[in-house]
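Residue-level listing of the chains:
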Amino acid sequence: MTDNNRPLDVVILAAGQGTRMRSALPKVLHPVAGRPMVAWAVKAAQELGARNVVVVTGHGAGQVEAALADTGVRFARQERQLGTGHAFLCGAEALPGDGADLLVLYGDTPLLRTETLRDLLADHRSHGSAFTILTGELPDATGYGRIIRDAQGDVERIVEEKAATPQERAVREFNSGVYVMDGRAPDLARRITDDNAAGEYYLTDLLELYRGEGARVRAFRLSDPDEVMGANDRTGLAGAEAILRRRINTAHMRAGVTLQDPDTTRIEDTVTLGRDVTVEPGVILRGGTRVADGVTLGAYSVVTDSVLEAGVVVKPHSVLEGARVGAGSDVGPFARLRPGTVLAEGVHVGNFVETKNARLEGGVKAGHLAYLGDVTVGAETNIGAGTIVANFDGVNKHQTRIGAGVFIGSNSTVIAPREVGDAAFVAAGSTLHEDVPEGALAVARGKQRTLEGWSRRYWGGMREKVSEKLPWLAGWLERQG
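What you see as residue numbers is a count from 1 along each chain, following the sequence as written. Local features are withheld for residues below a pLDDT of 70 in this predicted model, meaning they are given only at 70 or higher, and side-chain atom pairs are given and counted only at 80 or more; totals for whole chains, interfaces and linings count all residues. With hydrogens and water stripped out, all remaining heavy atoms of the structure feed into the side-chain values.

Another point: helix α4 (residues 114-126). Going along the chain from the N terminus, every DSSP run of H or I of four or more residues is numbered as a helix, and every run of E of two or more is numbered as a strand. The span you would expect from a helix comes to 1.5 Å times its residue count less one. Taking 1.5 Å as the rise per residue, α4 with 13 residues should run 18 Å; its terminal C-alpha atoms sit 18 Å apart, in good agreement. Contacts are assigned to residue pairs that have any heavy atoms within 4.5 Å of one another. The elements touched by buried residues of α4 are β1 (8-14), α1 (37-47), β6 (101-106), β7 (131-137), β10 (173-181) and β11 (217-221). Gly-128 sits one or two positions beyond α4 and adopts a positive phi of about 60°.

Okay, here's the thing in structure tokens:
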């Protein structure tokens, strides 16, 4: 009789050093498609509805635990890395031990689908199995332990490649290392010995212990062996990234997103996209970015942790970080919105405009070549080309408030902290070091002086150098007499 309502606990083995990565960062923290590798295993376990998820840490334990601190998992330390059997036992001892099914996952296999694990668990329970192994089949399974079945098709043993006969090496079905076990697993794991050439405790020894109890051991075969591909070095990371990128992009396209060139589009798993979004080639979307319906993302733009409301147009080569862009606004090309930027509806931020900790109300236009930092700008204000808000005195940031309907002339500098009232005008080329009242015109620039004949006198004293380096100017001087 089967019990499909038994609770499920998950142990994720993530204690290894991963020397082949050649990195100061623990292997399981290397990111793939927007998540550390180990976080993919946590996500899958939680999507399965696991009651408890225990991550076994060892190498770089503090870093791994800090990275997963907000996920709701538990941690168990494997102080000495004595093999997979020992690591599993460290994790199992942090669980209630009340007969729940136990699933073993790994922190370096980010490609394993939740749907596959759900099918594995269903097979385990429906057949009344005590120990179910997730297996795959490859034309050449070199490097993997081979699955040897008995006449009834149940798993008889796992043979490691170095101990296999030529006939056993020809077997194409391999052991993935992912197992579902009944509640006896912790007690049986305590009986595993280190009587082997490596002097380690191997989790695969559980199979023989279960069979010694007369329990049924089954294998559930993957349809796609890539799902259990581990990322042991940088080439493995790149391979996993490519597979996940294709999965993510395909899911978005099937949900109503246009990706003009999926092969050059990188969308992290944590990003959400609405319908009728158009993504041009080379776009990168990262972190908690949320994109509403009807948005267009221009070629080679990079958007990180930002919110784009309906109908926004981001033109090519723009960079958005921690920004919020209101409905109907357009950004770029070549614009940069830094953290704390909030654009209300219908705002235009043009080429080579940079914003930081800035709020631009509806209808504001900043067409080109401006820096707007630590500033609020009222509705329908026009920011001329070359405008700079000088907000930093070398120690502190200072705030500027520009009212509604203001006209800031080109090449102006606003020295914070300043207030510019509604409907004010600032003449081009001004440097504001005083507030501007509502409706006033501010002209803050030096008086122009024009000195007739200055060029002829200045350059005339350097005729020899001018003749050698600036022949066009020498000709002009000759014409001046």
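What follows is about the side chain of Thr-116. As for its placement among the helices and strands, Thr-116 is situated in helix α4. Excluding residues that lie within four positions of it along the chain, Thr-116 makes contacts with Leu-134, Phe-220, Leu-222 and Glu-227.

The next subject is the packing of aromatic side chains. Each pair of aromatic rings taken from Phe, Tyr and Trp, with Trp reduced to its six-membered ring, is defined by centres within 6.5 Å and is described as stacked if the planes are under 30 degrees apart, edge-to-face if over 60, and tilted in the remaining cases. Applying the stated criterion across every chain yields a total of five aromatic pairs. Judged by centre distance (5.2 Å) and plane angle (25°), the rings of Phe-131 and Tyr-179 are stacked. Of this pair, Phe-131 sits in strand β7 while Tyr-179 sits in strand β10, and the two are 48 residues apart along the sequence. The rule is simple: take the accessible area with a 1.4 Å probe, protein chains only, and divide by the maximum for that residue type; under 20% is buried, over 50% is exposed, in between is partly exposed. When its relative accessible area of 2% is taken as the criterion, Tyr-179 is described as buried.

This part is about the pattern of salt bridges. Here a salt bridge means any side-chain nitrogen of Lys or Arg lying within 4 Å of a carboxyl oxygen belonging to Asp or Glu. Scanning the entire structure with this criterion turns up 33 salt bridges. Between Glu-309 and Arg-324 there is a salt bridge; the shortest N-O distance is 3.1 Å. A residue pair is termed long-range when its members are at least 10 positions apart, and Glu-309 in the loop between β20 (307-308) and β21 (313-314) and Arg-324 in strand β23 (residues 324-325) qualify at 15 residues. When its relative accessible area of 24% is taken as the criterion, Glu-309 is described as partly exposed. Classification of Arg-324 by relative accessible area gives partly exposed; the value is 36%. Several salt bridges share partner residues, and in doing so they unite Glu-137, Arg-149, Arg-172, Glu-173 and Arg-221 into one network.

This paragraph deals with the pairing of strand β27 (residues 348-360). For two strands to be treated as a pair, DSSP must find no fewer than two bridges joining them. Inspection of the sheet shows strand β24 (residues 330-331) paired to β27 by two bridges, in the parallel sense. Its bridge partner lying in β27, Val-331 is registered against Val-349. Where strand β25 (residues 336-337) meets β27, two bridges bridge the pair, whose relative direction is parallel. In the sheet register, Arg-336 faces β27, and the bridge partner there is Glu-354.

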